[in-house]
Every structure is written in C-alpha cells, then in structure tokens.
Amino acid sequence: MRIGNGWDVHRLVAGRTLIVGGVTIPSEKGETGHSDGDVLTHAIIDALLGAVAQGDIGSHFPDTDPEFKDADSLTLLARVMQEDLRTYQIINIDTTVILQRPKLREYVAAIRESLSHVLHVEVSCISVKAKTAEGILGELGSGDAIVAQATVLISEKSC
C-alpha cells in the first residue's frame, strides 16, 4: 500500500468559472490558472502522483505548455490514472475544500460522483468535506481564494 498527499490553492477572480471536482459551481468568481483551475482535482492529481513517487502536477502538465491552456482537469486526472497508476487501485480518497463562498454543501454529492467516474472507484470511497475559512486567513477568508487538500491510499492491483 502507498499513501499520497496533495494540496492546491488558486485565487478567485471575476470572469472565470468556478469548478470543483469537475462540477461547475454557480459563483461570481472562478479560479485563476493555466488550466481550468479546478483545485480539488489538482490536489487529487498531486496526491496520486506523490503516492507513486512520480512528481507533481506541474512536472506532468507544466503551465508553460500551451497544450494545457484551459485544459479540463478531469481529463488530466484521467491521463494520470492511465499512465501513472495503471498497476494500482485506489482504496480511498479523503479531501477537504476550503472556500468562503459560495457554500459547497449542496454540491458535494455531485462532486463525489464526478470524481468516481474518472477514478473508477465507488462513490463511497471518496470523501469530500467543504469548509469555510470563518472569515479569517486573508484572501481565503475574504472569498478571494480557494484551497483543496487530498490524501489517497492506493495498493497494487492483484491481477
């Protein structure tokens, strides 16, 4: 068995779409980023790559490469699953998203479902917790940033 940890943060700005775990969330602001900015998917990618000691999202999908400009992060996640985790299976994933607003509680089920399709695991193996910054912590507390953390447990496929 192997464990991996991932973390990502993005500023929130007007004129961008807010995407969390592949789900579009109605919001006045969305994530900045070279790709679609989906912090939760990015954190999961980093956790998976860390579990197999294959670097991080930036080493696989550099923000200097025009191929990944505005890329769908779920597509990047699927690529990691096919190329870097083909001999592993996911046991479970535990994640936390910290966002002042909008509240994510009503979207958690859709986020888990979205991720389960790409990761090829049961929804029951994916935890998504939505938190706020309680109005503190600078840009995060003022609603101008979003953070995601992910921890994954994987094991080698038996056959």
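Rules used throughout
Residues numbered from 1 in each chain as written. Predicted model: local features only at pLDDT ≥ 70, side-chain atom pairs only at ≥ 80, totals over all residues. Heavy atoms only, no water. Helix = DSSP H or I, 4+ residues; strand = E, 2+ residues; numbered from the N terminus. Buried < 20%, exposed > 50% of the residue type's maximum accessible area, 1.4 Å probe, protein only. Contact = heavy atoms within 4.5 Å. Areas by Shrake-Rupley, 256 points an atom, 1.4 Å probe, with all protein chains shown as cover. Lys, Arg positive; Asp, Glu negative; His and termini not counted. Charge placed at Lys NZ, Arg CZ, Asp CG, Glu CD. Pairing = 2+ DSSP bridges. Right-handed = clockwise from strand over helix to strand, strands pointing away.

Asks: Can you help me understand the overall build of the protein chain in this one?
Replies: Counting secondary structure elements, the protein chain contains 4 helices and 7 strands. Start at the N end of the protein chain and walk to the C end: the helices and strands fall as β-β-β-β-α-α-α-β-α-β-β. Overall, the C-alpha framework of the protein chain stretches about 50 × 35 × 25 Å when taken along its three principal axes. The 159 residues of the protein chain split such that 47% are buried. Considering only contacts in the protein chain between residues 6 or more positions apart, those separated by 24 or more positions represent 72%. Carbon and sulfur atoms provide 50% of the accessible area of the protein chain, an area that totals close to 8000 Å². Across the protein chain, the mean location of the 14 positive side-chain charges is 5 Å away from that of the 22 negative side-chain charges.

Asks: Even after reading the chapter, I still don't get the pairing of strand β5 (residues 88-99), so can you show me in this structure?
Replies: One face of the sheet, then the other: side chains in a regular strand alternate in exactly this way. Where β5 lies against strand β7 (residues 145-156), 11 bridges are found, and the strand directions are antiparallel. Residue I90 lies in a different strand from β7, and its bridge partner there is I154. As paired strands, β5 and strand β6 (residues 126-131) are joined by 6 bridges and run parallel to one another. By the bridge assignment, I98 is partnered in β6 with K131. Regarding topology, helix α4 (residues 108-119) serves as the crossover connection from β5 to the parallel β6, and that connection is right-handed.

Read these as geometric descriptors, not functional statements.
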